[in-house]
Every structure is written in C-alpha cells, then in structure tokens.
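A closer look at the structure
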Amino acid sequence: MNIINNIIYWNNCNKDHKKKILSRPIFLTDKIIKNSVKNILKNVKKNGDSSLKKYSLLFDKINIDNLQISKEKISNSQFNINCDIKNAIKNAYSNIYKFHKSQIIKKKIIEIIPGIFCSQIFRPISKIGLYIPGGTSSLFSTVLMLGIPAQIALCPNIILCSPAPISNEILFAANLCNIKNIFQIGGAHAIAAMAFGTKSINKVDKIFGPGNVYVTEAKRQINNILSSKTSIDMPAGPSELMIIADELSNYEFIISDLLSQAEHGSDSQVFLITTEEKIAKLVQKNISKQLEKLPKKNIILKSLNNSHIIVVDNIDECINIANMYAPEHLIIQCKNYKYILSNINNAGSIFLGNWTPESVGDYASGTNHVLPTYGYASTYSCLSISDFQKKIYVQKLTQNGLLNISSTVEIMAKTEKLLGHSNSITIRKKFINKQKQKIKNINKMIKKNILNLIPYQSARLLYKENINNKILLNANESPIISLFSTNKILNRYPEQQPKTLLNAYSKYTNLNNENILITRGADEGIDIVMRTFCNQKDDQILFCSPTYDMYRVTANILNIKYLIISSKKNTWEIDFENIQKNLSNIKIIYFCNPNNPTGNIFDKNKIIKLFKLIKNKIIIVIDEAYIEFCIDQTMINLINKYENLIILRTLSKAFGLAGLRCGFILTNKYIIKILCKVIAPYPISIPVLDIALQSLNKKNLIIMKNNVNKIIHNKKWLINKLNNLKFIKYIFKSKTNFILVKFYDSNIIFNTLNKNNIIVRDQNHEKLLKNCLRITIGTFDECKKIFFTLQKYLN
Ligand SMILES: *Cc1c(COP(=O)(O)O)cnc(C)c1O
C-alpha cells in the first residue's frame with residue numbers, strides 16, 4: 001500500500017481495516033540494541049570519562065581530548081557563521097522566547113473557605129541536560145526549543161551534549177540561551193553520562209531532546225531505573241503529520257506539507273484526510289513532481305509507504321479520525337477550521353488555514369517543536385516551560401480556617417480508618433479550644449470598656465511596611481531631620497521634673513518653671529488631666545468634632561463619658577451656643593487649636609467669652625500641638641488670668657522630634673502641683689531630657705523657626721498648585737503643617753498616591769469629612785512629588 005497508488009475510501013473499510021490504517025509503523029527496538037545500550041549505561045556508570053572517550057572513538061570515529069567545549073569557542077561561534085543564519089536564529093529566538101515567556105503562570109493565592117489559603121508555586125528543575133543530535137543535519141533549532149524554555153524557567157544548571165564535531169550554529173544558539181556547559185559527546189553514552197554523572201559531566205535531574213534509536217533507548221532505560229532519579233522529557237517516536245482538507249484546500253500546499261514531514265525519516269508517517277475525492281486525486285497525481293526535486297527523496301519514498309490518503313463523507317469523520325490517531329502535527333486546511341479545532345481533543349500542535357505550513361512551527365513562529373508522537377498526544381502535552389519546572393502546592397490555614405474544616409477532615413479520616421490523620425486535627429482543635437477558653441477567662445476579668453475599645457489608629461500602625469521607601473505624609477511629622485546624640489550615664493533614676501528642662505522651656509515660653517509639667521508627649525497630658533479631674537460616675541468631657549481622636553480614646557479607656565458637639569460644617573467654627581446649652585456634668589472641655597485634622601484656628605474672643613461664662617467650674621484644655629506654625633495665636637498669656645486653663649504642648653510636630661516623646665502641660669502652679677501627684681514617678685528618661693534640652697538651645701530654636709517657615713512656604717506652593725487640579729473640590733484654610741483637602745472621589749486619589757508610595761491620611765471615617773484626605777506638608781521635593789503624581793495620573 002502506498003500513498004501514491006492507493007486512495008482509501010473510509011466508508012468501505014471495516015473496523016479492523018480502519019484500525020490497521022491508523023496504526024503506527026511498528027517501532028520495535030530489537031534485543032541487540034537494548035542489550036548494547038544496557039552495556040553502555042553500565043560501562044559509563046562504572047568507568048566514567050574514560051569510557052566516554054572510548055565510545056566516541058568506537059562509534060563516531062573521533063578521538064576526543066577535551067569533552068567540554070571551551071567558553072572561548074562558544075563565544076567565537078558568532079564570528080564563524082554567516083550573517084543571514086545568525087539573524088535567522090536571532091529572529092527565531094526572539095519569537096520563541098516571546099511565546100514561551102507568556103506561559104509563565106502568576107502565583108495566585110486562593111482563599112478556599114475563610115481561613116484556608118491555597119496556592120501553587122513553580123520552581124525550576126535544578127539540573128537540566130539537553131541532548132542535540134548530530135549526524136547529517138545540525139539541529140540548532142532544537143537547541144532553541146529546549147534552551148529557551150529552560151532559560152525562562154530559570155533552571156540554574158544547564159548542560160548540553162551533542163556529538164562531535166559540534167557545529168557553530170549549535171554553539172551560537174546555545175550561547176543565546178545562555179548555555180555555557182557544552183560537551184562534545186553523543187549517543188547512548190552521552191545520555192548515560194548525564195544520568196549518572198562522570199568526572200567532567202555533572203549528573204542531571206532531567207534529560208531533554210531527540211535522538212536516534214540508541215539515544216531513545218538509553219533515555220527509556222534511564223527513565224526506568226528508579227535509583228538514577230533522572231527523568232526524561234517524553235517518550236519518543238517517529239515524526240507524523242495529519243492534514244484535514246476540504247474543497248477550499250490547495251493541493252500543492254498539501255503535497256508540500258506532506259513531503260516536508262516525510263523527509264524527517266523513513267519511519268515518519270503522514271496522512272491526508274479529506275471530504276473531497278477531487279483533492280485526494282490531485283494530491284496523488286501530482287505528488288511525484290515535488291518529490292523529484294527533493295534531495296531526501298529516498299527517505300521520503302520509504303515513509304510514504306507508511307502513509308495514507310483517506311476520503312471521508314463529512315468533516316465530522318475527519319475530526320473522528322484525527323482524535324483517534326492523535327497526530328503530533330495536525331494541519332487543518334479548511335474553511336471552517338474553527339469548528340474543527342473546537343472538536344479536536346488529541347493532537348500535539350495544530351496549524352490552521354492555508355497559510356500556516358508546519359515548517360513555521362518547526363522553526364520560528366514561537367511554539368515549541370518538541371511534541372508528543374506515536375499517539376501519546378492523547379495524554380502528553382507539547383513541551384513548554386512547565387516541563388522545566390515543578391509545581392509545588394502551598395497552603396496556610398489560620399486557626400479559624402482549621403476549625404472551619406476540622407470536622408470534614410475528621411469524619412473522612414475516621415471513615416477511612418486513618419485515626420492518625422484525624423488525630424492531627426483533633427489535637428489542634430483541643431489546643432485552640434483550650435486557648436479560647438483561656439481568652440474567655442481573661443476577658444471576664446478585663447473591663448468592658450477596654451474590651452469594646454476602638455483604639456487609636458496610629459498612622460504608623462496603618463502603613464508599617466517598607467516605610468523607608470515611602471513618602472509619609474500621614475502623621476503630621478516634620479519632614480526635616482535634626483540629628484541629636486546623647487551619651488549619658490543611666491544607672492540612676494532621673495529627676496522627676498528635671499530642672500534644666502523646666503528652665504529651658506520656661507525661657508522659650510516666658511512662663512515660670514512652676515507653670516510647666518514635662519510629659520511623655522501631649523498625649524500623656526490629655527490623659528493625666530482627665531485622670532486628675534474626672535470622676536467616672538458622673539463627670540463628662542466635651543470636645544468638638546472633627547478633632548484629634550485621643551480625647552475620645554482616653555475617655556473610653558478611663559471609662560469617662562463624653563459629649564461631642566459638631567463644629568459647623570466646612571467653616572469648622574465652634575458651635576459655642578450648643579456648648580453653652582450642654583454644660584451640665586461637663587468637667588473638661590478639650591479644644592484643639594489649631595485643630596487637627598481641619599487645620600483651622602478658633603476665635604480667641606469666643607473662647608474668652610466661654611471662660612467668663614463657665615466661671616472656673618470647668619477645666620478648659622487647649623491642645624496647642626501645632627501652635628508653632630501660628631505662634632501669635634497661643635493662649636499662653638491667659639494662663640495667669642484663668643485658673644481653669646490648661647495648655648498642652650509638644651516637641652513632636654514643629655520641633656521635628658516625634659520620636660523623642662516629649663511634651664508639656666502649661667497651667668497655673670497649683671494645678672501643676674496636683675498633676676504631679678498623678679503623673680508616673682519618672683516620666684522623662686535621661687536621654688529624652690538631654691535631647692530635649694539641646695533642641696531648646698538658642699541655635700536650635702532658630703533652626704526650628706526656620707523649618708517652620710520653610711514648611712509654611714511649601715504649604716503655600718502646594719495649595720497654589722493643587723488649586724489647578726480639577727478633581728479637587730476644596731482645600732480648607734490651614735494654620736498648621738498639614739492641609740485638609742476635599743475631593744470628588746478621595747478613594748481614587750488615596751489609592752493612586754498609595755501606589756506611588758505616597759501615604760496620606762484618609763478621613764472618610766468622619767461623618768463631616770467624606771472624601772477628605774489630610775496631607776502633611778513635606779519637604780519641597782515631596783510637595784512636588786505629590787503634585788506631579790496627582791497631575792500625571794489623574795488630570
Ligand atoms: C500629634 C498630636 C498630639 C500628640 O502629641 P505627642 O506629643 O506626640 O504625644 C496631641 N494633640 C494633637 C492635636 C496632635 O495632633
């Protein structure tokens with residue numbers, strides 16, 4: 001039977017006949033080959049390099065001194081091939097690279113049920129051996145097909161073996177793929193060397209690449225030796241092609257494709273399946289014309305003996321035959337290739353339409369040409385980067401995740417009578433429940449108000465990762481760094497209220513020492529005043545929202561009730577009328593002036609009016625954390641006038657010492673005396689004292705004031721610029737080192753800035769501050785960055 005003199009009419013064949021037509025040429029490795037390969041493997045394993053040289057002399061008639069090709073020879077290969085070939089290889093390289101790069105799968109973590117996170121990760125196979133056949137043609141295209149996916153998969157150790165003499169094209173292609181370890185050795189002994197390792201060739205984990213019967217048999221045997229722990233890419237067989245053609249196919253194209261595949265080897269097999277008898281006859285009649293011109297005519301004639309032209313009744317039968325045969329290559333030269341493609345289940349590589357000859361896939365279109373043959377296409381895949389990788393599953397359960405799935409696993413394990421399995425769940429469940437019981441017990445002891453407390457959301461808590469790479473404009477800190485150092489003896493307790501620091505702050509504020517209490521930041525001031533004056537049962541504090549959250553948090557912690565009076569929307573004016581109406585049971589009123597987060601300053605006269613009205617019955621705390629940015633607005637001079645006035649100050653903001661934790665309470669000397677009873681014994685550590693003192697010396701006070709002016713200048717610049725951006729609704733007036741900005745959609749802005757590593761403070765949690773962000777004024781560079789980022793990404 002021969003393609004040239006016989007057309008098969010599918011419907012005239014019985015079942016057995018059909019089966020026979022679609023069978024592969026018998027591909028039996030005879031016993032002699034098997035035994036000889038077995039011997040070669042044994043010898044190489046035992047004698048290593050010396051047996052490799054012996055076999056090279058015996059089989060390839062070459063005496064090899066150095067198995068390894070020098071680095072120099074590899075890199076010189078580029079000068080020893082002509083430019084056209086070089087460019088062709090480079091083009092193919094870039095196409096194949098592009099396609100295979102797209103096969104990389106991004107890591108995805110899936111939350112299966114709450115608390116159970118599963119993912120798949122990929123790791124390269126560590127040691128890879130590539131085999132490139134030599135002989136009559138130099139298969140440098142195969143170097144690309146194996147080397148590129150290995151390179152993309154990031155396999156760290158790649159070696160390549162090919163029979164001597166290795167062509168410059170192979171060396172050039174290998175060099176493109178960054179393969180540096182190349183050995184001029186071929187045949188079964190090369191496979192043995194890679195599988196077992198010799199002195200000069202390292203053992204590999206997986207062997208890739210085609211070869212003759214000896215190579216194929218060696219790979220097969222290696223794959224079956226468990227102890228070698230070396231695997232192979234896929235089982236190999238002769239090459240094959242099936243073409244499905246309809247009335248629109250071009251018979252000359254069909255012939256050229258059939259012949260191109262038939263020239264691979266005398267055991268190759270090609271098929272034409274068509275619904276058109278006319279096409280079948282044209283192909284048969286004209287095949288000799290193209291055949292005559294091909295140099296590998298004799299090989300082709302032999303493989304055509306294994307090949308068939310089949311005429312069927314309809315396209316569905318073509319599909320059936322293709323799926324039954326599972327061809328390595330399938331060309332669908334049909335008008336309706338989409339329909340056919342969607343029904344093909346078994347094939348290595350598919351080529352669609354008239355303009356897609358299989359040769360492009362063999363060389364340069366981008367897909368791999370290492371494909372499953374011999375019917376393995378029904379279970380094996382074409383070579384891809386996953387063949388150079390291992391998939392590894394990763395999972396992580398939280399405590400709740402484990403509880404959520406525990407009974408499912410316990411029941412399944414018990415039913416399968418694998419009690420060890422269920423035990424590993426049960427033992428953990430017991431542990432968790434015990435822990436939960438402990439927590440329950442502790443919770444019973446904890447005060448209710450603390451259990452339910454919504455703690456202060458510190459800026460540092462919210463964005464704590466990689467803060468060194470970020471522009472932090474979310475905590476109203478100074479962007480300017482002043483360097484202080486200290487080396488003090490620390491074995492003694494500090495003074496309770498260090499005199500030197502009292503002196504220094506007194507000089508800075510023009511107050512007496514007796515009017516000052518040094519605290520661990522203004523935050524401690526908020527707390528001490530509340531603890532000193534408020535009785536849990538019936539006292540309340542009052543503050544005006546939106547404002548600094550620590551008044552609420554401190555009250556919650558101390559279990560003191562609070563009353564919030566909203567400031568007037570958008571002007572942020574204090575609603576004094578409303579305050580006046582609600583003063584019963586109020587013990588302390590906290591004002592933040594200038595206010596955080598709105599940035600505005602209050603009308604001093606109205607506050608004085610309030611003092612007069614409440615007549616010493618209520619403490620008024622004025623938090624002047626930002627007062628250095630508008631120092632003329634301080635109420636410090638009222639301290640001697642109103643004995644119920646307490647002012648809070650800090651070195652955290654204008655002084656640029658947020659990390660120091662130092663603040664001050666300023667009030668009359670009697671209150672200071674009382675507060676001294678409440679404050680912790682040694683609030684100010686000696687290093688803090690030392691640095692606070694330095695910051696208050698003459699020189700550093702000048703620097704601080706200069707820095708304040710710089711920041712005010714930056715603020716003006718930024719406000720000016722931002723006012724040009726159309727997605728900004730409003731910028732509130734600010735007397736501080738931050739601005740409150742209202743946007744149309746603050747989430748977009750926040751996320752855009754975040755993506756660009758600029759962190760600002762979201763104020764959406766406040767009722768009156770929907771779509772508002774608070775932006776700390778940074779250095780001039782940082783102001784420029786925030787503006788240009790917004791302009792670039794959003795305008
Ligand atoms: C930052 C800030 C504080 C805290 O000051 P520390 O001295 O760092 O504790 C107090 N009040 C207001 C209004 C603040 O913005």
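What you are looking at is a predicted structure, and each value in this text was computed from that prediction instead of being measured.

**Points about the packing of aromatic side chains**
Throughout the structure, instances matching the rule amount to 24 aromatic pairs. Three or more aromatic residues joined by ring pairs make a cluster, and in this case those are Y456, F543, Y548, Y551, Y562 and Y590. Geometry around Y325 places R24 over its ring, the cationic atom sitting 3.7 Å from the centre. Positioned above the aromatic ring of F738 is the side chain of R774, whose terminal nitrogen or guanidinium carbon lies 5.6 Å from the ring centre.

**Examining the nonpolar core**
Grouped together as the largest cluster of nonpolar side chains are 79 residues, with contacts concentrated most on I579 and F591. Counting residues per element, this core draws most heavily on helix α27 (residues 698-722), which supplies six residues. Each of domain 4 (499-702) and domain 5 (708-794) gives at least three residues to this core. Discounting chain neighbours no more than four positions away, the residues touching I579 are L542, C544, I565, I574, I589, F591 and L610. Within the second largest apolar cluster, 37 residues are counted, among which are I148, C155, I179 and M234.

**Observations regarding the site of the ligand**
Taken together, 13 residues lie around the ligand, and A522, D623, Y626, T650 and K653 are the ones closest in. One of the side-chain nitrogen or oxygen atoms of S652 is found 2.6 Å away from an oxygen atom of the ligand. Here K653 contributes a side-chain N or O atom positioned 3.0 Å from an oxygen atom of the ligand. Relative to its free-state accessible area of 390 Å², the ligand is covered by the protein chains to the extent of 94%. Top element by residues in the shell around the ligand is helix α21 (residues 521-533). It accounts for three residues.

**Some thoughts on the sheet that holds strand β3 (residues 116-124)**
Sheets are built from strands that pair by backbone hydrogen bonding, the pairs being arranged parallel or antiparallel. Taken in spatial order, the three strands make up an open sheet running β2-β3-β14, and their pairing is antiparallel. Strands at the two margins of the open sheet, each flanked by one partner only, are β2 (109-111) and β14 (389-397). Averaged over neighbouring strand pairs, the angle between their axes works out to 20° when direction is ignored. Bridging between β2 and β3 involves three bridges; their strand directions are antiparallel. What sits directly across from I109, in β3, is S119. Strands in contact with helix α16 (residues 399-415) are β3 and β14; relative to β14, the strand with the most contacts, it is inclined by about 90°.

**Notes on empty space enclosed by the protein**
Under the criterion given, the structure shown has one cavity of 30 Å³ or more. Roughly 100 Å³ of volume is contained in the largest cavity. S478, I480, S482, F484, A654, F655, G656, S695, N700, I703, M704 and N707 together form the lining of the largest cavity. It is α27 that provides the largest number of residues to the lining of the largest cavity, a total of four residues. Here the residues of the lining of the largest cavity sort into six nonpolar, six polar and no charged.

**Considerations on the packing of helix α5 (residues 83-101) against helix α6 (residues 140-152)**
For any two helices packed against each other, the geometry comes down to the angle between their axes and how far apart the axes lie. Put simply, α5 and α6 touch, their axes get as near as 10 Å, and they point 40° apart. Between α5 and α6, the interaxial angle falls into the category oblique. The element α5 and its partner α6 pack so that their crossing is right-handed. Note on element contacts: α6 touches α5 through F140, L144, M145, I148, P149, Q151 and I152, opposite I89, A92, Y93, I96, Y97, H100 and K101. Of the residues in the contact of α5 with α6, the class split is 11 nonpolar, two polar and one charged.

**Quick notes on the domain arrangement of the protein chain**
Segmenting the protein chain into domains produces domain 1 (8-24 + 238-366), domain 2 (30-232), domain 3 (398-445), domain 4 (499-702) and domain 5 (708-794). A C-alpha centroid distance of 61 Å is found between domain 1 and domain 3.

**Thoughts on the layout of surface pockets**
It is a probe the size of a water molecule, rolled over the atoms, that shows where empty space is left. The space that makes up the second largest pocket amounts to roughly 800 Å³. In terms of lining, the second largest pocket is formed by 37 residues, of which the most central are T547, D549, R552, H765 and E766. Secondary structure elements with two or more residues in the lining of the second largest pocket: β17 (540-545), α22 (550-557), β18 (561-566) and β25 (758-762). The element that contributes the greatest number of residues to the lining of the second largest pocket is β18, accounting for four residues. Class assignment for the residues of the lining of the second largest pocket results in 17 nonpolar, 12 polar and eight charged.

**Topic: helix α28 (residues 746-755)**
Every buried residue of α28 is listed here: S746, I749, F750, T752 and L753. Summarising the axial view, the buried residues of α28 lie within an arc of 165°, below the 170-degree limit, and thus occupy one face. Elements in contact with the buried residues of α28: β24 (738-743), β25, β26 (772-776) and α29 (780-794). The opening residue of α28, the one whose side-chain oxygen lies 3.1 Å from the backbone nitrogen of N747, is D745.

**Quick word on the environment of I273**
Tracing the sequence through the fold places I273 in strand β10 (residues 269-274). Spatially, the C-alpha atoms of I273 and N700 are 92 Å apart, while their sequence positions differ by 427 residues. Residue contacts for I273: discarding those within four places in its chain leaves M242, I243, I244, A245, I310, V312, C318 and I321.

**Some details on helix α25 (residues 669-678)**
Those residues of α25 lying buried are I671, I672 and L675. Down the axis of α25, the buried side of the element spans an arc of 100°, and every buried residue falls inside it. The exposed set on the far side of α25, more than 90 degrees from its buried face, consists of K669, Y670, K673 and K677. Contacts from the buried residues of α25 go to β16 (516-519), α21, β20 (619-623), β21 (645-650) and β22 (663-666).

**Quick look at the packing of α5 against helix α7 (residues 168-176)**
One can describe the packing of α5 onto α7 by two numbers: an axis separation of 11 Å at closest approach and a directional angle of 35°. By crossing handedness, the relation of α5 to α7 is classed as right-handed. On α7, the residues touching I85, K86, I89, K90 and Y93 of α5 are E169, F172, A173 and L176. The residue makeup of the contact of α5 with α7, split by class, is six nonpolar, no polar and three charged.

Cut-offs used in this document
- Residues numbered from 1 in each chain as written.
- Predicted model: local features only at pLDDT ≥ 70, side-chain atom pairs only at ≥ 80, totals over all residues.
- Heavy atoms only, no water.
- Phe/Tyr/Trp six-rings, centres within 6.5 Å; stacked < 30°, edge-to-face > 60°.
- Lys NZ or Arg CZ within 6 Å of the ring centre and 35° of its normal.
- Core = buried A, V, L, I, M, F, W, Y, C linked by side-chain atoms within 4.5 Å.
- Buried < 20%, exposed > 50% of the residue type's maximum accessible area, 1.4 Å probe, protein only.
- Helix = DSSP H or I, 4+ residues; strand = E, 2+ residues; numbered from the N terminus.
- Domains from an automatic or database assignment.
- Contact = heavy atoms within 4.5 Å.
- Near = heavy atom within 4 Å.
- Polar contact = N/O pair within 3.5 Å; in protein donor to acceptor, adjacent residues only side chain to side chain.
- Areas by Shrake-Rupley, 256 points an atom, 1.4 Å probe, with all protein chains shown as cover.
- Pairing = 2+ DSSP bridges.
- Axes fitted to C-alpha atoms, helices over the stretch in contact; angles between N-to-C directions.
- 1 Å grid on protein atoms, 1.4 Å probe; cavity = no way out; pocket = protein on both sides within 12 Å on 5 of 7 lines; lining within 4 Å.
- Points joined across faces, edges and corners; volume = space filled by probe spheres on them.
- Nonpolar A, V, L, I, M, F, W, Y, C, P; charged D, E, K, R; others polar.
- Parallel < 35°, antiparallel > 145°, perpendicular 65-115°, else oblique.
- Left-handed = near helix turned anticlockwise from the far one by under 90°.
- Arc of directions from axis to C-beta.

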